[in-house]
Amino acid sequence: MCNWTKIALLLLMFSIVGCNTLKKVGDDELLLTKNSIFVDDEKITDSEIKGLIDQKPNSSVLGYPLRLNLYNLAKENPDSSFQDWLHRKDKREKRLNNILSQKQVNRLQESFVVKGASEFLKRIGEPPVVIDTSLTNKSLKRLEAYYNSKGYFNNSGDYEIVEGSRKKRAKIEYNVTLGKPYIIDTVQKNITSPELDSIYDISVKSSYVKKGEQFDLQKFTQERERLTALFRNSGVYNFQESSINYDILRDTTLMADDQLMDVQLNIKKFRSTSDSTDINNPYRVARLKEINIYADYDINGDADSLKTLVHDNYIIHYSNKLRYNPKALTDAIFFEKDSVYRDLDRIRTYRQITNLNTFKYPNIEFIPDSSQTQLTSNIYLAAKKKFSLNMNFDVTHSNIQQVGTAFSTSVITRNVFGGAETLNISARGSVGLLSDATISNETFTSELGGDINITFPRIWLPFNTERIIPYYMLPQSRLLVGTNFQKNIGLDKQSLNSILSYNWTPSDRLKNNIELLNVEFVRNVNPNNFYNVYRNTFSNLDDIADGFQDDPQYASYFNPVEEGEDPSLNIPGGANQFVEDVLNGSIPVTTDELDEVNSIEERRIRLTENNLIFATNFTHTKNSKDGINDNDFYQYRIKLESAGGMLSLLANIIPYNENPNGQLLVFNVPFSQYVKSEFDFIRHWSLGGSQVLAFRSFLGLAVPYGNSNSIPFVRSYFAGGSNDNRAWNAYELGPGKTDNINDFNEANLKMAFNLEYRFPIAGDVKGALFADAGNIWNVFDNENNPDAIFTGFSSLSDIALGTGLGLRYDFTYFVFRLDVGFKTYNPAKVGSDRWFDGYNLKNAVFNIGINYPF
């Protein structure tokens, strides 16, 4: 256990055992334990309203005030405490001076142990929240102001401090009486600009402020924002939200009980930012008279020496030679000559120019004529450097690597063909420490790879797609060719892949991606190492062979050993020959043993054969998150994939070769054929006080057909690991109720459900409690083990459950995570042994991860 972990555990132990919660609460003070809000005698649970309370009780971890008690551990006056200790025994100071010297004793007093420790505890702790009536009155006024904004202008409030049965503790109850709300009786308008008045009349039905509805200040704010966007997208390029205000009047001729009010919308003339008075000219609708694009703009250059080119009514200014295809520039501009100005077009232009990855952030200006109805737009584009070199060094973690280091470098070339294309040539390498010694005979793994990636800022197809996917959706086409080499992982793989993909973003929340062509060739470099890597499979085979180890005719199958030792099959020759003889009937075995050997051989062939995958897939993603600090959102991802279908259709035209199993071969490799679908859903709920409840569900199914009777290993599913079910190691769980029968357990159906409660502990240290459920199964493939096959609702009893807790440290840019998972329900067990068997630290699984799992 590391020193920091020991320190954290000691602090936790001391804070629980040795602290008095009221230690620093004065005799005439009360510790705030709870706030309650009652509105018309109804208790309020809305987090927005509860957030109006200025004083809140001390934070707690599962009901325990950890930070308060850590704060209480700090010495109020560490200097005097040290002096008391120093002089508590005769001659203690003299002995210390002889050992350390007077100067060092003085330094000891100022050290972390004496003084710094108290400062550290105060920094990570939290002082007691003592009831302050001035803050209580401030909170009450906030509540009254809030309900005023909702139309309850006659509301009244008070509060009561309720002392509990435990001394020096109390809670505060806020009580608000609303009264009758005010209702909007009429909505009138006073708009100085006739053009704005016409625009308003067309959209008045969309108004947030309507006759007959209860007064709500938030709706007035929303209406101001709506009108500002409406006018700025209807030609009024210089409209200011500050030009909008409201007059709210109460009709005094009505009875006192009639809570009615008249609302008048006022839209004044344009007001200059340098002048507080209205300008004589009212707001006008403006059109684009001229659009100038300054390519390779240099602020220090001579504008008079620039050359010009007119393309589709856009005037392009450039020096010497135009380096860009004119269409690539004009396609990024969303306003056109003689069109009405729209703020939306300006925003989309900024986004698309940035999406080109060729220019720095653009500068766009609009210059009106004297009538304010004609605009000249100047778009200044400053080019990024043609070439750039990026180098990265990372510390990595994965389900296979416990820890690793990765180095990558890339050379970026911009505007390769003059159409704002970006070419990225990259190389990468990594070395890692394996998380499980059974994965390989070696301790470390290495990986080396490289890619050539070119991106086009448009949909690269022989036909026009602009009507379906307009440029404001930021379309991109990507062509990638890459290779990768893995050593000491499995059978040492070499892969070649090529991808032609298209992605676009219909809105800030939606993303779509189509991989029209995803070709991957996976070659197992060392297939003869199968039984060395998959030791569980080899052990099962070796157990069957034990019955023949004393037969001289099979002696060559086994490794020579000393007398008294138990021989094992030699790898690969003896193991392969034994399997062959069993399957052809040369070695007599029982029916169960024959089935087992047949299953082992099918798995060996499947995992050692090379894979060729010609796939097409579509991915749709939606994310409702508003900013990085939004903790109340949802997101989902849907993916559909099909592989081998086109190659199968071509079999009627192209005479493919076949292997002995009847599979069609391309480049002497059987191509994979399957359909696959995935659904991934994540939901976060903010519980207040930096507490979050996070949920994730995943369902994936891949079905082989035609040229395949199983899914390629690289496209199959596994369970367990730091981002899945944390009570099992990666590849350890499933399939179904099987008990880790293979070294890499995988299947073609997966269900996963995760629930996690996240809460603050102290400072940047966070905590979590989690429950992970799920499993993998085989379905619609060649698996014949009934324990691994999903057969229907009855198989849902095979869903494993892991529970646990975690610690996280927030480094701002990333989160370091340590989770401890316990097997709560293990489907591989029988009967009551499924529940809580081995639920202890000895059998727990420790997971290290970077950032949150979902």
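Structure: see above.
Computed from a predicted model, the values in this text were never measured in an experiment. (Residues numbered from 1 in each chain as written. Predicted model: local features only at pLDDT ≥ 70, side-chain atom pairs only at ≥ 80, totals over all residues. Heavy atoms only, no water.)

Participant: I keep staring at the overall build of the protein chain and nothing clicks. Help me out?
Facilitator: Along its length, the protein chain carries 17 helices and 31 strands. Looking at the 854 residues of the protein chain, the share that counts as buried comes to 43%. (Helix = DSSP H or I, 4+ residues; strand = E, 2+ residues; numbered from the N terminus. Buried < 20%, exposed > 50% of the residue type's maximum accessible area, 1.4 Å probe, protein only.)

Participant: Quick question: what am I supposed to make of the packing of helix α9 (residues 194-203) against helix α10 (residues 217-232) here?
Facilitator: Any two packed helices are characterised by how steeply their axes cross, that is the angle between the axes, and by the distance between the axes. For the pair α9 and α10, interaxial distance at closest approach is 11 Å and the crossing angle is 120°. In this structure, the crossing between α9 and α10 has a hand that is right-handed. Facing α9, whose interface residues are Leu196, Ile199, Tyr200 and Ser203, α10 presents Glu223, Arg226, Leu227, Leu230 and Phe231. The residue makeup of the contact of α9 with α10, split by class, is six nonpolar, one polar and two charged. (Axes fitted to C-alpha atoms, helices over the stretch in contact; angles between N-to-C directions. Left-handed = near helix turned anticlockwise from the far one by under 90°. Contact = heavy atoms within 4.5 Å. Nonpolar A, V, L, I, M, F, W, Y, C, P; charged D, E, K, R; others polar.)

Participant: Hey, could you run me through a nonpolar patch on the surface in this one?
Facilitator: On the surface, a nonpolar cluster with roughly 1100 Å² of combined accessible area is contributed by Leu807, Tyr809, Phe811, Tyr813, Phe814, Phe816, Leu818, Leu841, Phe846, Ile848 and Ile850. Among the secondary structure elements, those contributing two or more residues to the nonpolar patch are β29 (800-810), β30 (815-825) and β31 (845-850). The biggest single contributor to the nonpolar patch is β31, with three residues. (Patch = residues over 30% accessible without salt bridge, like charges linked within 9 Å, V, L, I, M, F, W, Y side chains within 5 Å. Areas by Shrake-Rupley, 256 points an atom, 1.4 Å probe, with all protein chains shown as cover. Salt bridge = Lys/Arg side-chain N within 4 Å of Asp/Glu carboxyl O.)

Participant: In this structure, what is going on with helix α12 (residues 343-355)? I would like to understand it.
Facilitator: Across its 13 residues, α12 extends 19 Å between first and last C-alpha, which sits within 8% of the 18 Å expected from 1.5 Å per residue. For α12, every residue scored as buried is listed here: Asp343, Asp345, Arg348, Thr349, Tyr350, Gln352, Ile353 and Asn355. As for α12, its buried residues are in contact with α10, β11 (363-368), β12 (374-380) and β17 (476-487). Backbone geometry just after α12 places Asn357 at a positive phi near 55°. (Expected span 1.5 Å × (residues − 1).)

Participant: When you look at the pairing of strand β20 (residues 611-623) in this model, what are you seeing that I'm missing?
Facilitator: Both faces of the sheet carry side chains from a regular strand, because those side chains alternate between them. With 11 bridges joining them, strand β19 (residues 510-524) and β20 adopt antiparallel strand pairing. When the sheet's bridge partners are listed, Asn518 is paired in β20 with Ala615. Strand direction decides the pairing type here: β20 and strand β21 (residues 633-643), joined by nine bridges, are antiparallel. Residue Thr616 lies in a different strand from β21, and its bridge partner there is Ser642. (Pairing = 2+ DSSP bridges.)

Participant: What exactly am I supposed to notice about the sheet that holds strand β10 (residues 314-318) here?
Facilitator: Strand order in the open sheet formed by five strands is β9-β10-β8-β12-β11, and the pairing between neighbours is mixed. Single-partner strands in this sheet number two, and they are β9 (307-311) and β11. Going from strand to strand, the sheet's axes swing by 20° on average, the running direction of each strand aside. When strand β8 (residues 287-294) meets β12, the two strands line up parallel, connected through seven bridges. Note that in β12 the partner of Arg287 across the bridge is Gln374.

Participant: Before we go on, may I ask you to explain the pairing of β31 in this structure?
Facilitator: Because side chains alternate across β31, one face comprises the buried residues Val845, Asn847 and Gly849, and the other comprises Phe846, Ile848 and Ile850, none of which is buried. Across six bridges, the pairing between β30 and β31 is antiparallel. Bridge pairing links Val820 to Phe846 in β31.

Participant: How do you make sense of the pattern of salt bridges when you look at a structure like this?
Facilitator: Any two side chains of opposite charge can pair, on the condition that their charged atoms come close. Evaluation of the coordinates by the stated rule reveals 40 salt bridges. Residues Lys150 and Asp216 are paired through a salt bridge, measuring 3.3 Å at the closest nitrogen-oxygen approach. Of the two residues, Lys150 sits in the loop between α8 (133-149) and β3 (156-163) while Asp216 sits in the loop between α9 and α10, which places them 66 residues apart along the sequence. Like Lys150, the residue Asp216 is buried in the burial classification. A salt bridge links Asp819 to Arg808, with the nearest nitrogen and oxygen atoms 2.7 Å apart. Here the residue Asp819 occupies a position in strand β30, and Arg808 occupies one in strand β29, the gap between them amounting to 11 residues. We classify Asp819 as buried; its relative accessible area is 0%. Look at the salt bridges and you will find they share partners, linking Arg726, Glu756, Arg758, Asp772, Arg808, Arg817 and Asp819 into a network.

Participant: Mind showing me how you'd approach a positive patch on the surface here?
Facilitator: A contiguous patch of positive charge on the surface is contributed by Lys23, Lys75, Arg88, Lys89, Lys91, Lys94 and Arg95. Inspection of the secondary structure assignment puts Lys89 in the loop between α4 (78-86) and α5 (92-100). (Lys, Arg positive; Asp, Glu negative; His and termini not counted. Charge placed at Lys NZ, Arg CZ, Asp CG, Glu CD.)

Participant: Sorry if this is basic, but what is going on with the packing of aromatic side chains here?
Facilitator: Evaluation of the coordinates by the stated rule reveals 41 aromatic pairs. With a centroid separation of 4.5 Å and an interplanar angle of 50°, the aromatic rings of Tyr297 and Tyr380 are classed as tilted. Here the residue Tyr297 occupies a position in the loop between β8 and β9, and Tyr380 occupies one in strand β12, the gap between them amounting to 83 residues. The exposure class of Tyr380 is buried, given its relative accessible area of 14%. Three or more aromatic residues joined by ring pairs make a cluster, and in this case those are Phe530, Tyr531, Tyr534, Phe538, Phe713, Phe718, Tyr731 and Phe744. The ring of Phe770 carries Arg726 above its face, with NZ or CZ at 3.9 Å from the centroid. (Phe/Tyr/Trp six-rings, centres within 6.5 Å; stacked < 30°, edge-to-face > 60°. Lys NZ or Arg CZ within 6 Å of the ring centre and 35° of its normal.)

Participant: Help me understand helix α3 (residues 66-73), please; the structure alone is not making it clear to me.
Facilitator: Every α-helix winds through 3.6 residues per turn, so residues three or four apart in the chain are directed the same way. Burial runs high along α3: six of the eight residues are buried. Turning to α3, its buried residues number three or more, namely Leu66, Leu68, Asn69, Leu70, Tyr71 and Asn72.

Participant: Help me understand the environment of Gln494, please; the structure alone is not making it clear to me.
Facilitator: Its location among the elements puts Gln494 in strand β18 (residues 493-504). Linking Gln494 and Leu448, residues 46 residues apart in sequence, is a C-alpha distance of 9.7 Å. Residue contacts for Gln494: discarding those within four places in its chain leaves Asn484, Phe485, Phe521, Val522, Arg523 and Val525.

Participant: What exactly am I supposed to notice about the environment of Tyr147 here?
Facilitator: For Tyr147, the location among the structural elements is in helix α8. With 29 residues separating them along the chain, Tyr147 and Val176 place their C-alpha atoms 9.0 Å apart. Contacts of Tyr147, omitting those with residues within four sequence positions, involve Val39, Ile44, Ile49, Tyr152, Asn155, Val176 and Leu178.

Participant: Explain the sheet that holds strand β5 (residues 183-191) here, please?
Facilitator: Through backbone hydrogen bonds, the strands of a sheet pair up, either in parallel or in antiparallel fashion. If you trace the three strands from one edge of the open sheet to the other, you get β5-β7-β6, paired in mixed fashion. Of all strands in the sheet, those bounded by a partner on one side alone are β5 and β6 (244-250). Pairs of neighbouring strands in the sheet enclose a mean axial angle of 20°, with direction left out of account. The sheet contact formed by β5 and strand β7 (residues 260-267) spans eight bridges and is parallel. Looking at the pairing, Ile183 lines up with Leu260 of β7. Packed onto the sheet, α9 meets β5 and β7 and runs at close to 145° relative to β5. Seen against the sheet, α10 touches β5, β6 and β7 and runs at an angle of roughly 145° to β6.

Participant: What is the right way to read the packing of helix α15 (residues 573-583) against helix α16 (residues 591-608) from this model?
Facilitator: Remark: α15 packs on α16, axes separated minimally by 10 Å, with the N-to-C direction vectors making an angle of 125°. Classified by the interaxial angle, the pair formed by α15 and α16 is oblique. Judged by the twist between their axes, the crossing of α15 over α16 is left-handed. The segment α15 lies against α16, with Asn576, Val579, Val582 and Leu583 engaging Leu594, Val597, Asn598, Glu601 and Arg604. Here the contact of α15 with α16 is built from residues that sort into five nonpolar, two polar and two charged. (Parallel < 35°, antiparallel > 145°, perpendicular 65-115°, else oblique.)

Participant: Mind showing me how you'd approach the side chain of Glu173 here?
Facilitator: Relative to the helices and strands, Glu173 resides in strand β4 (residues 169-177). Here Glu173 falls in the buried class, since its relative accessible area comes to 19%. Among all residues touching Glu173, those that are not within four sequence positions of it are Ser36, Phe38, Asp158, Tyr159, Glu160 and Val162.

Participant: Please explain the environment of Phe407 as it appears in this structure.
Facilitator: Structurally, Phe407 is set in strand β14 (residues 401-414). A sequence separation of 24 residues divides Phe407 from Val431, and the C-alpha atoms of the two residues are 9.1 Å apart. The contact partners of Phe407, leaving out residues within four places of it in the chain, are Met391, Asn392, Ala427, Arg428 and Gly429.

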